[in-house]
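Structure assessment
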Amino acid sequence: MADKPTGEMQATLGLTGLTMNAMALIAPGAFLWLTFFSQAGEGATAPAMWAGILMATLLCLATAVCYAELAKLYPGTGSSYYFAEQSFLNHDKHWRYARLSKFIVGWASHLYYWVYPGVMVAVTGIFCGYVVGTLWPNAMSSTNPGTLFMMVVAVVFTFGVSYIAHRGVTGSTAVNIAINVIQISALIVFAVMAIGYRLNHPPGSVAYQFDSTSGEAYTYQFATTQTTANGQTTATVVRDANMVPQPMLDAAGKPVPYTISYPDKDAMGNFLSHGSATSVVGVHNIGWMFVQATVAILILVGFESVTSMGGEAKNAKRDIPIAVITSLLVQGCFCYLFEYFAANYFLNSGYTMQNALGSAAPIGDMMIVVGDALLGPGHGRTFMLIEAITVFLALIGTTLSCVNTGARVTYAMGRDQEVPEHFGMLHDKNLSPHRAIWTLAVISAVIGCIALLMVFGDSSAIADPAIAALPHGLWSSVWFATTQAKMAALPNTLTMIVLASNFGTFMLYMLSCIICVVAYQGHPNYSAMRHLLIPIFGVLANLICMVFYLVGPFMGYGTKMEPFGALGIAAVWGIYGAIYFARSSKASGRTTFITSRSGNA
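Residues numbered from 1 in each chain as written. Predicted model: local features only at pLDDT ≥ 70, side-chain atom pairs only at ≥ 80, totals over all residues. Heavy atoms only, no water.

**Quick word on the overall build of the protein chain**
If you tally the helices and strands in the protein chain, you get 20 helices and six strands. Relative to the globule expectation of 25 Å for 601 residues, the C-alpha radius of gyration of the protein chain, 25 Å, shows essentially globular dimensions. Across its three principal directions, the C-alpha atoms of the protein chain cover 90 × 50 × 45 Å. Buried residues in the protein chain amount to 59% of all 601 residues. Once local pairs closer than 6 in sequence are excluded, the contacts in the protein chain between residues at least 24 apart make up 79%. (Helix = DSSP H or I, 4+ residues; strand = E, 2+ residues; numbered from the N terminus. Rg over C-alpha atoms; globule rule 2.2 N^0.38 Å. Buried < 20%, exposed > 50% of the residue type's maximum accessible area, 1.4 Å probe, protein only. Contact = heavy atoms within 4.5 Å.)

Below, the structure is given as structure tokens:
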């Protein structure tokens with residue numbers, strides 16, 4: 001028999017294991033590589049990328065304090081779902097709302113925990129497409145990988161990671177510890193190299209420029225020729241039979257060296273690069289910062305995941321609060337802010353923000369450039385591939401951690417019969433919530449494929465010549481629209497799914513801050529700073545970000561299709577939840593407001 005309807009999870013995790021599980025979900029090694037593209041695609045707001053991450057970090061720190069304080073009171077399985085029930089149930093005045101509050105929080109958390117893994121498997125498909133295109137450019141475009149190929153990768157990856165989760169939390173933790181050490185080390189190496197490249201290449205010095213077609217960097221200027229298409233004349237790079245760009249020659253017949261510069265904008269007003277380190281960390285525009293923060297929240301979430309593992313912690317009250325704060329401080333405040341500074345500081349005329357916008361993996365492109373410059377011509381691709389291995393490992397870790405967290409929240413709700421009770425069963429040998437895990441696997445695969453339907457839609461639409469140059473084949477070019485105009489008219493499905501996940505995150509974090517206020521109201525350990533002022537800041541920051549990415553498009557920041565598509569997804573989920581709760585309550589004979597505190601303790 002595979003199911004274990006009763007019994008408890010085994011307490012096997014100490015402070016190190018708990019912290020590493022939380023750090024694995026934040027995963028700066030994976031997200032620097034994968035989300036730079038999404039943030040670059042936020043139009044004119046790109047200069048405020050670093051400031052947006054700082055804003056999102058402050059928001060998360062306020063929320064992390066609330067989670068840590070709640071974990072001190074109520075260690076257990078279920079994270080915010082469990083906290084909501086216990087906070088209201090133990091309140092002298094509001095205990096009647098315990099069931100309603102925990103269902104609202106649990107249902108809202110699923111918009112985050114069930115969508116987020118889908119985002120992860122989608123970006124894994126993009127990542128693998130980039131690597132395959134780099135190795136075999138005649139079969140796949142590295143900058144614009146094939147849709148069907150990415151979908152297949154997403155599905156296979158989903159079930160592979162879910163199998164690891166199914167095997168139990170002990171094996172998952174061992175995997176996460178190894179992945180954290182490798183990914184942090186690898187990305188710090190890249191960050192140091194990127195800063196070193198900028199410092200050693202002042203304006204006017206000979207440097208590399210990246211060519212997206214061949215996927216290589218060159219120290220000479222490219223020869224161009226004038227071509228006319230649809231009545232428009234453009235300069236086209238001259239290439240040989242292997243698509244290698246040919247050098248521009250001087251009067252003596254020698255290649256003209258490429259000299260670097262750090263331009264702010266192009267003739268169309270598009271942002272290109274930062275002129276100084278001060279510009280990198282500057283706000284530039286408050287609205288831009290908030291737009292970037294609404295996307296950046298994706299890369300910082302995960303610190304709260306460890307609060308779902310109270311049933312598997314040896315000393316939950318002591319270790320889980322420490323793990324929550326430590327994971328965010330290490331991954332968010334140190335790794336992300338350092339790595340994103342390095343990547344933005346690197347931008348130059350040879351690789352601009354517009355180049356990043358047109359690539360499936362701009363960090364991989366940057367690695368090729370700095371690798372060639374510091375390790376020798378031709379070694380940049382090798383350096384990128386080595387770093388890519390660490391990123392793939394980080395993707396395993398962050399997806400695994402999210403599946404573990406989401407499945408345990410679903411397990412807690414199933415155990416309380418707030419969702420079908422078969423979700424509240426454990427595997428008889430692994431003691432893992434296997435039914436919730438495999439259900440989440442199917443959902444993640446479907447969401448991942450939806451996210452990949454139109455990765456290059458809206459502002460990320462690729463030019464007509466790039467569409468025509470795609471390698472023709474089932475895996476490489478099927479599903480791409482025939483023109484840039486058609487792709488630009490469609491929403492970027494990846495961004496839309498990301499924002500749907502972020503909407504769930506903002507909702508969950510805001511509710512968790514409110515729960516912290518309720519939990520400590522009248523408590524002997526009450527602190528005005530930790531239990532009132534910080535939670536209020538967290539509520540306001542989350543609320544502002546939620547509202548801003550809806551009103552931002554009307555203020556000229558970003559586009560309308562993706563945020564309103566995400567809002568539609570959230571609305572459908574909320575309406576379905578209300579209907580499900582009403583029907584479930586009627587079928588089971590339970591009331592919305594509990595009538596006895598003792599019966600629900």
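And the narrative resumes.
**A few points about the packing of aromatic side chains**
Centre-to-centre distance and the angle between the planes together describe a pair of aromatic rings. Under the definition given, this model contains 28 aromatic pairs. Taken together, Tyr 67, Phe 83, Tyr 112, Tyr 113, Tyr 116, Phe 303 and Tyr 509 form an aromatic cluster joined through their ring pairs. Above the ring of Tyr 262, the side-chain terminus of Arg 198 is found at 3.8 Å from the ring centroid. (Phe/Tyr/Trp six-rings, centres within 6.5 Å; stacked < 30°, edge-to-face > 60°. Lys NZ or Arg CZ within 6 Å of the ring centre and 35° of its normal.)

**Concerning the environment of Val 119**
Within the fold, Val 119 resides in helix α6 (residues 116-135). Taking the C-alpha atoms as reference points, Val 119 and Ile 177, separated by 58 residues in sequence, lie 22 Å from one another.

**Digging into the confidence of the model for the protein chain**
For the protein chain, the average pLDDT comes to 83, and 90% of its residues sit at 70 or higher. By mean pLDDT, the top-scoring element of the protein chain is helix α9 (residues 277-281) (95), and the lowest-scoring one is strand β1 (residues 3-4) (54). (pLDDT = per-residue confidence, 0-100.)

**Let's talk about empty space enclosed by the protein**
Counted according to the given criterion, the structure contains four cavities of 30 Å³ or more. Of the pockets and cavities examined, the largest cavity occupies roughly 50 Å³. Class assignment for the residues of the lining of the largest cavity results in nine nonpolar, one polar and no charged. Quantified by volume, the second largest cavity comes out at close to 40 Å³. Lining the second largest cavity are 10 residues, with Thr 35, Ser 38, Val 123, Leu 298 and Val 498 positioned closest to its centre. (1 Å grid on protein atoms, 1.4 Å probe; cavity = no way out; pocket = protein on both sides within 12 Å on 5 of 7 lines; lining within 4 Å. Points joined across faces, edges and corners; volume = space filled by probe spheres on them. Nonpolar A, V, L, I, M, F, W, Y, C, P; charged D, E, K, R; others polar.)

**Quick notes on the pattern of salt bridges**
Counted according to the given criterion, the structure contains eight salt bridges. For the salt bridge of Asp 211 with Arg 239, the shortest nitrogen-to-oxygen distance reads 2.7 Å. Separated by 28 residues along the polypeptide, Asp 211 in strand β2 (residues 209-211) and Arg 239 in the loop between β5 (232-237) and α9 bring together distant segments of the chain. A salt bridge links Arg 590 to Glu 418, with the shortest nitrogen-to-oxygen separation between them at 3.4 Å. Of the two residues, Arg 590 sits in the segment after α20 (561-588) while Glu 418 sits in the loop between α14 (380-415) and β6 (426-427), which places them 172 residues apart along the sequence. Each of Glu 69, Lys 72 and Arg 530 takes part in one network of salt bridges that share partners. (Salt bridge = Lys/Arg side-chain N within 4 Å of Asp/Glu carboxyl O.)

**Remarks on the nonpolar core**
Side chains of nonpolar character tend, in soluble globular proteins, to be buried together. Trp 33 and Phe 190 are the most contacted members of the largest nonpolar core, which totals 168 residues. In contact with Trp 33, other than residues within four places in its own chain, are Phe 127, Tyr 130, Ala 361, Ile 363, Gly 364, Met 367, Met 384, Ala 388 and Val 391. Counting six residues, the second-largest nonpolar core is a separate cluster that includes Phe 88, Leu 89, Ala 98 and Ile 594. (Core = buried A, V, L, I, M, F, W, Y, C linked by side-chain atoms within 4.5 Å.)

**So, the packing of helix α5 (residues 98-113) against helix α18 (residues 493-520)**
Here α5 crosses α18 at 145°, and the two axes come no closer than 7 Å. The chirality of how α5 crosses α18 is left-handed. For the pair formed by α5 and α18, the contact residues are Ile 104, Val 105, Ala 108, Ser 109, Leu 111, Tyr 112 and Tyr 113 on the first element and Ala 500, Ser 501, Phe 503, Gly 504, Thr 505, Leu 508, Tyr 509, Leu 511 and Ile 515 on the second. In the contact of α5 with α18, the residues fall into 12 nonpolar, four polar and no charged. (Axes fitted to C-alpha atoms, helices over the stretch in contact; angles between N-to-C directions. Left-handed = near helix turned anticlockwise from the far one by under 90°.)

**As for the environment of Phe 222**
Within the element layout of this structure, Phe 222 appears in the loop between β3 (216-218) and β4 (224-229). As for Phe 222 and Asp 211, which are separated by 11 residues in sequence, their C-alpha atoms are 9.4 Å apart. In this view, Phe 222 contacts Gln 209, Asp 211, Val 237, Pro 245, Gln 246 and Met 248; residues no more than four positions away in its chain are not counted.

**Section: unusual backbone geometry**
Its identity as a non-glycine residue notwithstanding, His 284 has a phi of 70°, on the positive side. When you line up the elements, His 284 lands in the loop between α9 and α10 (286-300). You can call His 284 partly exposed: its relative accessible area is 44%.

**Considering helix α15 (residues 434-451)**
Every α-helical turn comprises 3.6 residues, leaving residues that sit three or four positions apart pointing alike. Between its first and last C-alpha, α15 extends 25 Å over 18 residues, near the 26 Å set by a 1.5 Å rise per residue. Here α15 has its buried residues at His 434, Ala 436, Ile 437, Leu 440, Ala 441, Ser 444, Ala 445, Ile 447, Gly 448, Cys 449 and Ala 451. (Expected span 1.5 Å × (residues − 1).)

**As for helix α13 (residues 362-375)**
With 14 residues, α13 extends 19 Å between its outermost C-alpha atoms, agreeing within 8% with the 20 Å of an ideal straight helix rising 1.5 Å per residue. Of all 14 residues making up α13, 11 are buried, and the element is well covered by its neighbours. Every buried residue of α13 is listed here: Pro 362, Ile 363, Gly 364, Asp 365, Met 366, Met 367, Ile 368, Val 369, Val 370, Gly 371 and Asp 372.

**What about the packing of α5 against α14?**
Running from N to C, α5 and α14 point in directions that differ by 155°, and their axes come no closer than 10 Å. Taken together, α5 and α14 sit at an angle that is classed as roughly antiparallel. Pair α5 / α14 crosses with left-handed handedness. Here Phe 103, Gly 106, Trp 107, Ser 109, His 110 and Tyr 113 of α5 come into contact with α14, specifically with Cys 402, Thr 405, Gly 406, Val 409, Thr 410 and Met 413. Tallied by class, residues from the contact of α5 with α14 come to six nonpolar, six polar and no charged. (Parallel < 35°, antiparallel > 145°, perpendicular 65-115°, else oblique.)

**With respect to a nonpolar patch on the surface**
Taken together, the side chains of Tyr 526, Met 529, Leu 532, Leu 533, Ile 536, Leu 540 and Ile 544 define a hydrophobic patch exposed on the protein surface, amounting to about 620 Å² of accessible area. Mapped onto the elements, Leu 532 comes out in helix α19 (residues 528-551). Of the residues examined, Leu 532 reaches a relative accessible area of 30% and is grouped as partly exposed. (Patch = residues over 30% accessible without salt bridge, like charges linked within 9 Å, V, L, I, M, F, W, Y side chains within 5 Å. Areas by Shrake-Rupley, 256 points an atom, 1.4 Å probe, with all protein chains shown as cover.)

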